[in-house]
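# Topology and contacts: notes
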Amino acid sequence: MKGGRIVLVVDDSRVNRLVLARQLSGMGVEVMEAENGREALDVLRDHTVAIDTVLLDVVMPELDGYETLAAMKADDAIRHIPVIMVSGVEELESVIRCIELGATDYLPKPINPRILAARLNASLIAKQLRDLELEHIEQQRLLTTTIERQRLELSRFLSPQIASLISSPDGELMLAGHRRLITVAFCDLRGFTTFAEQADPEELFGVLGEYHRMMGDAIVEHGGTLEHFAGDGVMIFFNDPVTQDDHVERAVRMAVAMRERFAPIAAGWRKRGYELGFGVGIAVGYATLGRIGFEGRYDYGAIGNVVILASRLSSQAGANQILLSQRAVGMVEDLVEVESIGDLEIKGLSRPVSASNVVGAANR
Amino acid sequence: MTESNPQVLNEAVLEELEASVQGDRAFIVDLIETYLADGASHMVDVVAAMTAGDASALVRPAHTLKSSSATVGAERLAAMARRLEAAGRSGVIEAGLGDEAARLDVAWDEAADALRGWIRRGEDT
């Protein structure tokens, strides 16, 4: 029998308790004793001891076996502890009532030590399984809590779409890589490099914080997927991982909203002597999307010409310009007012690219 | 050794008990001494209840006496205690219980003598 298990012997006869205690310790079981049901309940409800099985006499003063069992079954904290009734043959009626009430087994008096060993062993194994089950449920609960917490943390570090993609059933497939038509928007600040060289670190972080907060709100409002922040540079794409039929329109409306909200912030900075302008490049095209990086540090990212084009347009944009690639203009021309800025020579692309600046967007 | 008149002391019960505790005779001797000490007080309670004609007060001491007596093999006393427990439970203590109390007292003395004798014989060997 497994050591370290504790059995509570409840019997009003000291002689019977002595015999049981002695036989049980011979089986390697730790024994506690109670003289009646009331004492037994006190021991069972004591949180410092964990009883594994109760050997319960039927006829006792104070609280008899049936009443003790009934009190145990009414108490959520101890109702699961197995109870073996111990009684003389003439008390069979009471024993049957006890078994109906949830006693696990019955030992006739006088007690045969081999039957005692067999029944107790069965009861202790059942208790051990039950304890394992409870432990398992507790581990499961901890695991679920951890996963929930990780999800919350992830949604702080990643864009919400990517955080929910990771925890969704088809997440693995999407992360493994796929091709899709997306709209990419690149935003950055003109004059940022000069500013970063001159400003105190506290001032720099203050300005960046204000800028990122404004950008973040606009990204979330328009359902954009934030790919990364890099200082003043921010890359956002649309139509992935969540599909959006109006992905170009969303990107343009987001850029317009950012430009509008940037004006008062920039005015505040100007008073402190910093001249910073906001520029955006937007392009549409197919890209490969998924998990990019290496073991230990992966990002969800997009790779393709569309990314390069949006990035280059953003570099070419002047303060307060939102430059659209020709294809992007074609997909939203009814919704936005644009002015062509002609062909741009773009590094890495063999042919010049025609681009337009967004002057205004129609209200929805 | 019939059902109606069991032996004063069934030594086989003590021997089985001794075997069940790996032949620890000292433990059995302690157990018998505990039985004799506690049994004497249960006897007092039983006789008091019978004399007072209090059926409900008879049940528990009679039950405990029955149960401990059976454990140490004092079978005649156990059988008498069983009858008294049943009588107490039925709520009616019959008129003849005065004689029964006297017989019980005799049975207790016989059982106690037999148990002490069993201890002594063990010491001699």
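As the structure is a computational prediction, the values presented were derived from the model and not from experiment.

What follows is about the overall build of chain B. Within chain B, the secondary structure is distributed over five helices and zero strands. Starting at the N terminus and walking to the C terminus, you meet the elements of chain B as α-α-α-α-α. Rg of the C-alpha trace for chain B: 15 Å, near the compact-globule value of 14 Å for 125 residues, within the 12% margin. With the C-alpha coordinates aligned to their principal axes, the bounding extent of chain B is approximately 45 × 25 × 20 Å. Counting across all 125 residues of chain B, residues that qualify as buried make up 51%. Put simply, of all contacts in chain B between residues at least 6 apart along the chain, 69% involve residues at least 24 apart.

On the side of chain A, 18 residues touch chain B, which itself brings 21 residues to the contact. Contact with chain A buries surface across chain B, with Phe27(B), Arg60(B) and His63(B) losing the most and accounting together for 26% of the total. Put simply, chain B and chain A have two salt bridges between them. A salt bridge links Arg14(A) to Asp38(B), with the shortest nitrogen-to-oxygen separation between them at 2.8 Å. Between chain B and chain A we count ten residue pairs in polar contact (both at pLDDT 80 or more) in total. Of all the elements in the fold, those that place two or more residues in the side of chain B that touches chain A are helix 1 (11-20), helix 2 (25-52), helix 3 (55-72) and helix 4 (75-90) of chain B. Classifying every residue of the side of chain B that touches chain A by side-chain character gives six nonpolar, eight polar and seven charged.

The subject of this paragraph is the domain arrangement of chain A. Each domain of chain A was delimited in the assignment, giving domain 1 (6-137) and domain 2 (171-361). The C-alpha centroid of domain 2 of chain A is placed 72 Å from the C-alpha centroid of domain 1 of chain A.

Right, let's talk about the nonpolar core for a bit. Core analysis: the largest hydrophobic core is formed by 43 residues, its most contacted members being Tyr211(A) and Met258(A). When contributions to this core are tallied by element, the ones reaching two or more residues are strand 6 (178-190), helix 8 (192-198), helix 9 (201-222), strand 8 (233-238), helix 10 (247-271), strand 9 (277-294), strand 11 (321-325) and helix 12 (326-332) of chain A. For this core, the leading source of residues is helix 10 of chain A, giving eleven residues. Not counting residues within four places of it along the chain, the set of residues in contact with Tyr211(A) comprises Cys187(A), Asp188(A), Leu189(A), Asp232(A), Val234(A), Phe262(A), Trp269(A) and Phe278(A). Within the second largest apolar cluster, 38 residues are counted, among which are Ile28(B), Val46(B), Met50(B) and Trp108(B).

On to the pattern of salt bridges, then. Tallied over the entire structure, the rule returns 27 salt bridges over all chains. In this structure, Arg83(B) and Glu100(B) form a salt bridge, with 3.9 Å as the shortest nitrogen-oxygen distance. In this pair, Arg83(B) is assigned in helix 4 and Glu100(B) in helix 5 (residues 97-124), connecting sequence segments 17 residues apart. A relative accessible area of 9% places Glu100(B) in the buried class. Connected via shared salt-bridge partners are Arg5(A), Asp52(A), Lys127(A) and Asp131(A).

Moving on to the packing of helix 3 (residues 65-73) of chain A against helix 4 (residues 92-101) of chain A. Residue and element names in this part refer to chain A. Between helix 3 and helix 4, the shortest axis-to-axis distance is 10 Å and the interhelical angle comes to 5°. By the criterion of interaxial angle, the relationship of helix 3 to helix 4 is roughly parallel. Every residue of helix 4 that contacts helix 3 at Tyr66, Leu69, Ala70 and Lys73 is listed here: Arg97, Cys98 and Leu101. Partitioned by chemical class, the residues of the contact of helix 3 with helix 4 number five nonpolar, no polar and two charged.

Residue and element names in this part refer to chain A. Under the counting rule described, the total for this entry stands at eight aromatic pairs over all chains. For the ring pair Phe192 and Phe195, a centre distance of 6.0 Å and an interplane angle of 55° mean the geometry is tilted. Taken together, the positions of Phe192 and Phe195, both in helix 8 and three residues apart, correspond to about one turn of that helix. A relative accessible area of 10% places Phe192 in the buried class. On the basis of an interplanar angle of 85° and a centroid distance of 6.5 Å, the ring pair of Tyr211 and Phe262 is categorised as edge-to-face.

Each value, and the rule that gives it
- Residues numbered from 1 in each chain as written.
- Chains lettered and ligands numbered in written order.
- Predicted model: local features only at pLDDT ≥ 70, side-chain atom pairs only at ≥ 80, totals over all residues.
- Heavy atoms only, no water.
- Helix = DSSP H or I, 4+ residues; strand = E, 2+ residues; numbered from the N terminus.
- Rg over C-alpha atoms; globule rule 2.2 N^0.38 Å.
- Buried < 20%, exposed > 50% of the residue type's maximum accessible area, 1.4 Å probe, protein only.
- Contact = heavy atoms within 4.5 Å.
- Buried area = accessible area lost by both parts, 1.4 Å probe.
- Salt bridge = Lys/Arg side-chain N within 4 Å of Asp/Glu carboxyl O.
- Polar contact = N/O pair within 3.5 Å; in protein donor to acceptor, adjacent residues only side chain to side chain.
- Nonpolar A, V, L, I, M, F, W, Y, C, P; charged D, E, K, R; others polar.
- Domains from an automatic or database assignment.
- Core = buried A, V, L, I, M, F, W, Y, C linked by side-chain atoms within 4.5 Å.
- Axes fitted to C-alpha atoms, helices over the stretch in contact; angles between N-to-C directions.
- Parallel < 35°, antiparallel > 145°, perpendicular 65-115°, else oblique.
- Phe/Tyr/Trp six-rings, centres within 6.5 Å; stacked < 30°, edge-to-face > 60°.

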